[in-house]
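Fold and contact review
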Protein chains: 2
Amino acid sequence: MDRPATAIPQGVRVMPPKEAARLRFAESRLLSVFERWGFREVVVPTFEYLEVFAAALPDSEKVEKFVDRQTGRLLALRPDLTSQVARMVATTLRHHPLPLRLCYAAPVFRHEMAAEGRQREFHQAGVELIGLPQPEADAEAIAMAVESCREVGLARFQIDVGQVEFLRGMLDGLPPRPDRRGEILAALRRKDALALDLLLQDLACSEGVKAGIRGLTELYGQEEVLERAEALAASERSKRALENLRRVYEVLRVYGLTDQVILDLAEHTGLEYYTGIFFQVFAEGLGAQLGGGGRYDSLLGQFGYECAATGFAFDLEQILRALEKQQALPRDTGPLFLIIDFHPDKWQALILARTLRSKGYPAARDIIVRDLEGSLTYAKTCGIRYALILGQPGQQTDSLILRDTESGKETPFAVAQFCERVMSGALAWPT
Amino acid sequence: MDRPATAIPQGVRVMPPKEAARLRFAESRLLSVFERWGFREVVVPTFEYLEVFAAALPDSEKVEKFVDRQTGRLLALRPDLTSQVARMVATTLRHHPLPLRLCYAAPVFRHEMAAEGRQREFHQAGVELIGLPQPEADAEAIAMAVESCREVGLARFQIDVGQVEFLRGMLDGLPPRPDRRGEILAALRRKDALALDLLLQDLACSEGVKAGIRGLTELYGQEEVLERAEALAASERSKRALENLRRVYEVLRVYGLTDQVILDLAEHTGLEYYTGIFFQVFAEGLGAQLGGGGRYDSLLGQFGYECAATGFAFDLEQILRALEKQQALPRDTGPLFLIIDFHPDKWQALILARTLRSKGYPAARDIIVRDLEGSLTYAKTCGIRYALILGQPGQQTDSLILRDTESGKETPFAVAQFCERVMSGALAWPT
C-alpha cells in the first residue's frame, strides 16, 4: 500500500533517467527534422481558457480543467497544441508575413481513463504550416512526417492519407438523417460493405449516391485508388477534392515517398476538424497511431484571422513504443567517466574532472566513501563506461588507472600526461 | 479589447520563435553542463497530489490547484521540482545505488499576482545530488551553478552562500518569542544594525548571544568572514556549521571559484526548507535572483526515505533577462536558406532542399505565389540569410542564384554543381 504522501495520480508517470533519455532522444530528433525544413519552435502556456480548445475538443469532459481564481473562468490544461498555436498566430503573430513555419514539443493533457498506453499526460511534437492553401504545403507536411519516422529510426511505418472533402462530397447526396449518417461512417471505417448495404437500402437517395458510398470501401491502396475514385466521384465537391489529392500525390512522387503512403478515402478521423487532406501515421507492431495531421483552413478564422493552415503532431510515447516493438531503441548509457579518488586531498581528481568536462566528456565524481569494488559496481549499474582510479594503496601518487568497466581492461597513466593527451585530442572517446 | 476567444490568462505567456529560441538556448546550455558533470535528466508529471509539495510550499494558496475528478483529491500544478524528484527517488528509484545525480528542465507554476518579471508559469532547470552528506557535494552544486552562469554567457554574476545551521545556532540562545524572532530575521536580512539593537535590548538572554546576533550583520564578504564568524560562534551547532562551510569553501578554492562566491551568514532565505549550506545566484543589472539551491537532508525522509541531498535550480526567464541587461543574448536567426522557385515543376527545388537538409542546413521553401521582391522581403523579415532563386524570367533552366540577403551579393551556380559541392563539403556554411 502506498502511503498518501508518496502516491502519484492515476494516468501520469515519472520517467527515470533511462526513459527520460528516450523521450529527449525522440524530441530532439523530431525538432532537428522540423528545423531543417525551416520550422521555428514556439512555446505556449500549459493552460489557457477552456474555450480556446472548443473547436478541437468540443467535449470538454475530456479536458483537465480548473477554475481560474483570478477571474472565475474555466482554464484547461492544454489538450491540443494546434489550437494554441492558431490562437497565437491570430493574435501575437497576426502581422508576421506568411508563410509561418512553427513547431513545438510539449506535454498534452486529456482526462481519460488510462487505456493501454494512454495517459492523462503525454508528450507531443509537431508543426504548423500557416498561410499556404497549396497542395504543396500538404505534401510538405506528409514528407516531413515520413522523414520524422526515418529520423527516429523506425524501419517499418506507413502514412494513411485521406481527403475529408472527398468523403463529404460523397455523403452530400444522402438525405439528412444524422443518426444513419453516423452508422454509415462507422461502417465505412470498418470497410464493412454488408453493413453499408443494409444501412443504405431504404434511404431515399439515388442509386448513384449509394453506389458511390459503397465504392468507398474499396478506395484503399496506392496510386490506382485515384483512378477508381475518379470513376465514383459524382459531385463537384468530391471532384475538386480528388484533384487536390492528386496534386499532393504528385509532389510526394517527386519526393520519392509514395511507397510509404497509402490512400484511404473512406477514413474520416477528425471529420469535424480538418478541411482537406489529412493523414495518420502507423508503425508495424503497434496498433495505435503514432501521429497524424492535416489541413485545417477554418480554425484560425475562429480566432478572427482567416488563414489556410496544415500541420501534424506525433505522440512521443507512441513513437518510443513503436521503436521498442521494432527493437530500434537507442542504447542507454550513463556518464562516460566515474572518477574514484582515494587521495585525502582532491585537487588531482578535480583537475581531471575539469579537463574531461572541458572537452565535453561527461564525468561524475564518486564522492561517497567506499572500497574500490563498491565504486566499480556502482559504475556498472549506472552504465558508466570508464572508471578513473586515483590514490589506491600501492598506487603512485601522480598516477591514475583508466579501467574499462565492460572489458575490465586497465591502462595506467601519469595524471598530467593523461590530461595533456585529452586536451590535445590524442586521447579521445566517442560521445 | 480582446474578444473572449483570443484572450490569454493573466500571468502566462506565449513565446514566438525569437523568445522560444532563447529559452531553448538557456535550457540546452544548462542541460549540457549538467550532463558533463554526470547528471541524468528525469521527467516528472506536470501535476501531482497537492500534499507532495507541502514541505516546500506550506502555503497552498500559492499553488495552482484543482480537484481530481477521479479521486476527489486536490491536485497541484508543480510549484517545485525538488519535491517531485524527492518523491520519485523515495519510490521509483529507492533501490538505485547512491549517489544519484538527477537533473530536469520543466515549467513551474505559482499562483501569484504577476509582479515584474514573475509569471504564473515559468521555466526552471536544475539538479539534485542525492545520497551524499559530504561538503564536497555542496561544493559540487555551487561549482556547477558557477559553470552554468558562464556557459549561458553571463559575464558578471555572484553566488551568495549561507549556512542555515550556523544562523540557527546563533538564534538558539534567544528566548522563545516567535514574533520577535521574525522581526530579528527581517532586520538581519536588511543588515540593519540599529533595528537589531532595538529588538534585542529588552530580550532576556545573555550579552554574548546578543553580540553574536549583532555581529551577523558584518558576516558578509569573502574568506575573512570565516575568521570573523569563528570569533562569534559560541554554540556547538554554529561551530559545526562553520566547520562545514569552511570545508565547502576549501573545495571551491581548489575549483578556483572563490572570486565568484560571497559568504553571507545573515541570509536566511528558505530557513524552513534547507538544512545546511544554501546559496542564491545574482547577476549584475538584475534585482531578482537567477537561481539558488542548497542542502535539504530532511525532505526525502518525508517520503519515507532518509537520505542526504543537495541541489539547485535556475529560473530560465531570469537568466534571459540578465543576459539581456548584460547585452549577452545570442543573436536570433531564421532558417539558413529560402528556396524561391518560379519553375512550374518543382523537382529542382525539391532536390535542392533535400540536398541542403541532408547536410543539416535548415532550408525552407517559399511555396507562396508572389514576385521575387516579395519573397526577398519575406526572407529578410524572417532572418533568413541566403535566398536560392530558380526559374526567374531570363534565368537558365538548370541554374540557381545564391543571394546573400544581408549584403545583396549574388552568385550563380548550375543546380547540379551546387548540389555536388554542398554534398562534398566544398560549399559549407556555419550552422
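Residues numbered from 1 in each chain as written. Chains lettered and ligands numbered in written order. Predicted model: local features only at pLDDT ≥ 70, side-chain atom pairs only at ≥ 80, totals over all residues. Heavy atoms only, no water.

1. So, the overall build of chain A
- In terms of helices and strands, chain A carries 13 helices and 17 strands.
- Structurally, chain A occupies a C-alpha span of about 95 × 55 × 50 Å along its principal axes.
- Here chain A holds 431 residues, and 59% of them are scored as buried.
- Here the contacts in chain A between residues at least 6 apart in sequence split such that 67% fall between residues at least 24 apart. (Helix = DSSP H or I, 4+ residues; strand = E, 2+ residues; numbered from the N terminus. Buried < 20%, exposed > 50% of the residue type's maximum accessible area, 1.4 Å probe, protein only. Contact = heavy atoms within 4.5 Å.)

2. Things to note about the sheet that holds strand β16 (residues 399–404) of chain B
Residues and elements named next belong to chain B.
- Taking strand neighbours across the sheet as the criterion, the five strands line up as β14-β13-β15-β16-β17 in an open arrangement whose pairing is mixed. Lying at the two open borders of the sheet, with one neighbouring strand each, are β14 (363–365) and β17 (410–414). Each neighbouring strand pair of the sheet contributes to a mean axis angle of 25 degrees, computed without reference to strand direction.
- Alignment of β16 against β17, held across five bridges, turns out to be antiparallel. Counted as the bridge partner of Ser399 is Ala414 from β17.
- Against the sheet, helix α11 (residues 347–358) makes contact with β13 (337–341), β14, β15 (386–390) and β16, and its axis sits at roughly 160 degrees relative to β14, the strand it touches most. (Pairing = 2+ DSSP bridges. Axes fitted to C-alpha atoms, helices over the stretch in contact; angles between N-to-C directions.)

3. Re the confidence of the model for chain A
- Per-chain confidence: chain A averages 93 in pLDDT, with 97% of residues scoring 70 or above.
- Reported confidences for the modelled complex are a pTM of 0.95 and an ipTM of 0.94. (pLDDT = per-residue confidence, 0-100.)

4. Focus: helix α9 (residues 236–255) of chain A
- Over its 20 residues, α9(A) runs 29 Å from end to end, which matches the ideal 28 Å to within 8%, given 1.5 Å per residue.
- Within two residues after α9(A), Gly256(A) carries a phi angle of roughly 75 degrees, on the positive side. (Expected span 1.5 Å × (residues − 1).)

5. A few points about the interface of chain B and chain A
- Residue-level contacts link 103 residues of chain B with 103 residues of chain A.
- Summing both partners gives a buried area of about 8,500 Å² for chain B against chain A, and 57% of it is carried by carbon and sulfur.
- Contact with chain A buries surface across chain B, with Arg40(B), Arg69(B) and Gln70(B) losing the most and accounting together for 9% of the total.
- Taken together, chain B and chain A are joined by twelve salt bridges.
- The closest approach of N and O atoms between Asp332(A) and Arg40(B), which form a salt bridge, is 2.8 Å.
- There are 36 residue pairs in polar contact (both at pLDDT 80 or more) connecting chain B and chain A.
- Considering every element that reaches the side of chain B that touches chain A, the biggest residue donor is helix α1 (residues 17–36) of chain B, with ten residues.
- Class assignment of the residues belonging to the side of chain B that touches chain A gives a composition of 54 nonpolar, 18 polar and 31 charged. (Buried area = accessible area lost by both parts, 1.4 Å probe. Salt bridge = Lys/Arg side-chain N within 4 Å of Asp/Glu carboxyl O. Polar contact = N/O pair within 3.5 Å; in protein donor to acceptor, adjacent residues only side chain to side chain. Nonpolar A, V, L, I, M, F, W, Y, C, P; charged D, E, K, R; others polar.)

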